[in-house]
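The primary structure of each chain is shown beneath.
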Amino acid sequence: MTIKPAIQQTLDTLPTKPGVYLMQNDDGMIIYVGKAVNLRNRVRSYFHSNAFDAKVISLTAHVAKIEFIVTDTELEALVLENNLIKKHRPKYNIRLKDAKTYPYIKISWQENFPKVFMTRRMDDDGARYFGPFTAVWAVHETLDTLRKIFPYLTCDREITGKDKRACLYYDIGLCLAPCIGAASREEYRAMIDRLAQFLQGHSEEVTENIHGKLQSAAENLEFERAAVYRDQLQAIARITEHQKVVSPQMVDQDVIAFAKDDGNACVQIFFIRAGKLLGREYFVLEGTQDANNDDVLSSFVQQFYDQAAYVPPEILLPEMIDEAKIIETWLKQNKGATTTLRVPHPNNGGRELLDMAAENARITLDTIKQQWLADKTKHLQAVEELQQALEMDNPPLRMECYDISNIQGTNSVGAMVVFENGAAKKSDYRKFKIKTVIGANDFASLQEMLRRRFKRYQEAQAPSDKWQGKEEEERERGREGERARGREGERARGREGERARGRERESAREGERESAREGERESDEKRESRSDLQYARSDTPSARSDTPSARSEQAPTSKLQPPSSNLQPPTSNLQSPTPKKKGPLSKGFKTAERKNDESWARMPDLVIIDGGKGQLHAAEEVFREMGIEGVKLISLAKREEEVFVPARAESLRLPKNSAALHLLQRIRDEAHRFGITYHRSLRAKKGLHSQLDAIPGIGPRRRRALLEKFGSLDAIRDASVEELVAVDGMTKSAAEKLKDNL
């Protein structure tokens, strides 16, 4: 396995402490989050040459950078890993398929007169929570039935017990009316406590209590009150008739099993309370392709019980997971109760429950897959119908819809949504902040958005050819420069040769004159001394190199080849003589060159404009201007749901029950929703910025750092001075001014 230098450097410097590691791809996106008792050993194991796990091979092929966070204990690493997975939802982690928040039943026990209602958020506020549930309708149905048994409050009035009259709900038996003093605080809370016990599965105690009240009312000849208790007992019977006694032991258990197929897994949970099977829920996981059973179970237990309102004393699993002990410790710390993970033996009832849950998981997963296939078939039928309605030669497999959103010309934005094969492809959605249009000009804004989108298509189509031509041009200029330098060198050598020959001739004439002078009358002693001196000079290196012939030979070398090459490294080792050019980049958007984004390079089969004829004509101008051909262009007007087509005087009206019209409406509405969401976020940020900008000492840099750290003005307001000072660029005085002004 070939390891990238940056990865190898990280592997060599990893600590041996527990912690969490985050793997990123070339785009800086976190694709996997993991925990380890020993970071060094765990992370290095991914890059061993003998790694044969398919998931590991696929993961490591996309890793460009590894970051890590050291923790004190393995338990802290588990908690941090779980939070990071929920935040980043990495591609290679096993995760709950739906990012939604599941519904719970909440009892506001912290209030004097608690209320009962559905919520999707659990807060540490002293309330009691039951769930989660996967079906909202089941929660509402349960609450409607429970209210007939336990007539809890639903109004928002302040309960003083001194109101003159109660509301209609008291008259029809759906409220105890503590507002008029018909029930005291203690009586009302006792009723709500029985409701909570019922939700926990202790229906026998509730039934016995109501049955006793029925007998007492009958003995006292209070037949109307006895009829109320009778109706409550009948409602309890309807709820509990589907509950099956599965254990002679009055225990609370959760039974977990799963089925896996085609990269998806369905986990089935049976909720057993007081020995009775109260209900079941299923959850779909994704990212389970090539994952082993231990990873699937461990990931689900962590994610599910992190948001569960109640954790039973015992959780039954089909097989034991490696991290059982640390998860038990985490559950005790997180939920405050001791929980045991165990695998039941084949000869007891727990194994039968696991087999039943596994069978239900398999059937549920098959049903879900059939629904997915049915939905895909419906989508394709709508696409075919749209092809026929628009008289297209080929089906519009890729459709792009564009919409402009602004309020009186401010914060104008554009939205582009993409549907492929009749289904939304959210990864290809793009949003545009309109830059060149001032005021409420939807036509010009639409044209700017289309120009920018199709300009990126043109740039992404042949970036390699464009830059390859420029690189070849640079290389040709380099070769021409070499040839020019060669010709200049030849001329320089010629000029130096002429100077050398001139020096030789001058030396020859000087020698003749010297010989003539030596022929004059001189003493033998002087001639001998002169001869010795000349011999000594000619024998030294400096003297030899100073001769006319030596100068003639070394002159070209001294001009073209510096002798200091051993001291100065070659230029080619420091920088490329022909730097590689990059394609044009558009700030704020993913382009094919910057983000390896192929979505810009794909030409749609159908472009849908939200609007009427005016928007359609504006889009036509851009298509003609940029030479866009082979793309069907239409607009959809919302008032009469008319479809406008170029070169057609009358609008096209599809049948109201047409699958093609419903598909166009769904695409148009999605573009509108996407654009409105982006527009609102810009308005919210602008309002937040204006509030922070008004505070002395908070400039753009500090404002940006504060928003990145805390995310909202409320979070900044709730932060302490110490937390504010910890933000990059903040000082204590600036933090104190910020707190004073907020």
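Preceding this section is the structure that the text describes.
About the thresholds
- Residues numbered from 1 in each chain as written.
- Predicted model: local features only at pLDDT ≥ 70, side-chain atom pairs only at ≥ 80, totals over all residues.
- Heavy atoms only, no water.
- Pairing = 2+ DSSP bridges.
- Helix = DSSP H or I, 4+ residues; strand = E, 2+ residues; numbered from the N terminus.
- Axes fitted to C-alpha atoms, helices over the stretch in contact; angles between N-to-C directions.
- Patch = residues over 30% accessible without salt bridge, like charges linked within 9 Å, V, L, I, M, F, W, Y side chains within 5 Å.
- Areas by Shrake-Rupley, 256 points an atom, 1.4 Å probe, with all protein chains shown as cover.
- Salt bridge = Lys/Arg side-chain N within 4 Å of Asp/Glu carboxyl O.
- Contact = heavy atoms within 4.5 Å.
- Phe/Tyr/Trp six-rings, centres within 6.5 Å; stacked < 30°, edge-to-face > 60°.
- Buried < 20%, exposed > 50% of the residue type's maximum accessible area, 1.4 Å probe, protein only.
- Lys NZ or Arg CZ within 6 Å of the ring centre and 35° of its normal.
- Parallel < 35°, antiparallel > 145°, perpendicular 65-115°, else oblique.
- Nonpolar A, V, L, I, M, F, W, Y, C, P; charged D, E, K, R; others polar.
- Polar contact = N/O pair within 3.5 Å; in protein donor to acceptor, adjacent residues only side chain to side chain.

The subject of this paragraph is the sheet that holds strand β2 (residues 30-36). Across the sheet, 3 strands lie side by side as β2-β1-β3; this open sheet has antiparallel pairing. Only two strands of the sheet have a single neighbouring strand rather than two, namely β2 and β3 (65-70). When the angles between neighbouring strand axes are averaged without regard to direction, this sheet yields 20 degrees.

Nonpolar side chains collect at one region of the surface, where Leu-168, Tyr-169 and Ile-172 lie side by side and expose about 310 Å² of accessible area between them. Position of Ile-172 relative to the elements: it lies in the loop between α6 (168-171) and α7 (185-199).

Below, the discussion takes up the environment of Ala-601. Tracing the chain through its elements places Ala-601 in the loop between α18 (592-595) and β18 (606-610). In sequence terms Ala-601 and Tyr-457 are 144 residues apart; their C-alpha atoms lie 4.8 Å from each other. With near-sequence residues (within four places) excluded, Ala-601 lies in contact with Tyr-457, Ala-460 and Gln-461.

Once that is clear, we can look at the packing of aromatic side chains. Each aromatic ring pair is specified by the distance between its two centres and by the angle formed by the two planes. What the rule picks out here adds up to 12 aromatic pairs. Measuring from centroid to centroid gives 5.8 Å for Phe-113 and Tyr-188, while their planes differ by 55 degrees, and the two rings are tilted. With Phe-113 in the loop between β5 (104-107) and β6 (116-119) and Tyr-188 in helix α7, this pair connects stretches of sequence that are 75 residues apart. Owing to a relative accessible area of 15%, Phe-113 belongs among the buried residues under this scheme. Look at Tyr-188 and you get buried, because its relative accessible area is 0%. With 5.4 Å between their ring centres and 15 degrees between their planes, Phe-300 and Phe-304 make a pair best called stacked. One end of the pair is Phe-300 and the other is Phe-304, both in helix α10 (residues 293-307) and 4 residues apart, which spans about a single turn. The buried category is assigned to Phe-304, whose relative accessible area is 1%. Taken together, Phe-283, Phe-300, Phe-304 and Tyr-305 form an aromatic cluster joined through their ring pairs. The ring of Tyr-152 carries the charged tip of Arg-147 above its face, separated from the ring centre by 5.9 Å.

With their axes 11 Å apart at the nearest point, α10 and helix α11 (residues 324-335) run at an angle of 5 degrees to one another. As far as their axial angle goes, α11 and α10 are roughly parallel. Touching Ser-298, Val-301, Gln-302, Tyr-305 and Asp-306 of α10 are Ile-327, Trp-330, Leu-331, Asn-334 and Lys-335, all from α11. When grouped by side-chain class, the residues that make up the contact of α10 with α11 number 5 nonpolar, 3 polar and 2 charged.

As a further point, take the pairing of β5. Alternating positions in β5 separate into two faces, Tyr-104 and Lys-106 on one and Ile-105 and Ile-107 on the other, with burial throughout. Strand direction decides the pairing type here: β5 and β6, joined by 4 bridges, are antiparallel. Of the residues in β6, the one forming a bridge with Tyr-104 is Thr-119. As judged from the 3 bridges shared by β5 and strand β7 (residues 128-130), these two strands associate in the antiparallel manner. Bridging from a neighbouring strand, Ile-105 pairs with Phe-130 of β7.

Before going further, it helps to examine the packing of helix α4 (residues 74-88) against α11. Packed helices, taken two at a time, are described by the angle their axes make and the gap between the axes. Interaxial distance between α4 and α11 falls to 10 Å at its minimum, and their mutual angle equals 75 degrees. One way to sum up the angle between α4 and α11 is to call them roughly perpendicular. On the side of α4, the interface is formed by Glu-74, Leu-75, Leu-78, Val-79 and Asn-82, while α11 contributes Ile-326, Ile-327, Thr-329, Trp-330 and Gln-333. Residues of the contact of α4 with α11, tallied by class, amount to 6 nonpolar, 3 polar and 1 charged.

Strand order across the open sheet formed by 3 strands is β6-β5-β7, with antiparallel pairing between neighbours. Two strands lie at the open edges of the sheet, namely β6 and β7, each paired on one side alone. Taking each pair of neighbouring strands and ignoring which way they run, the sheet shows an average axis angle of 30 degrees. α7 rests against β5, β6 and β7 of the sheet, and its axis sits at about 155 degrees to β5.

Take Ser-651: it is sitting in the loop between β20 (642-644) and α20 (659-693). One polar contact links Ser-651 to Glu-642, side chain to side chain, over a distance of 2.7 Å. Those residues in contact with Ser-651, other than ones at most four positions away along the chain, are Glu-642, Val-643 and Phe-644.

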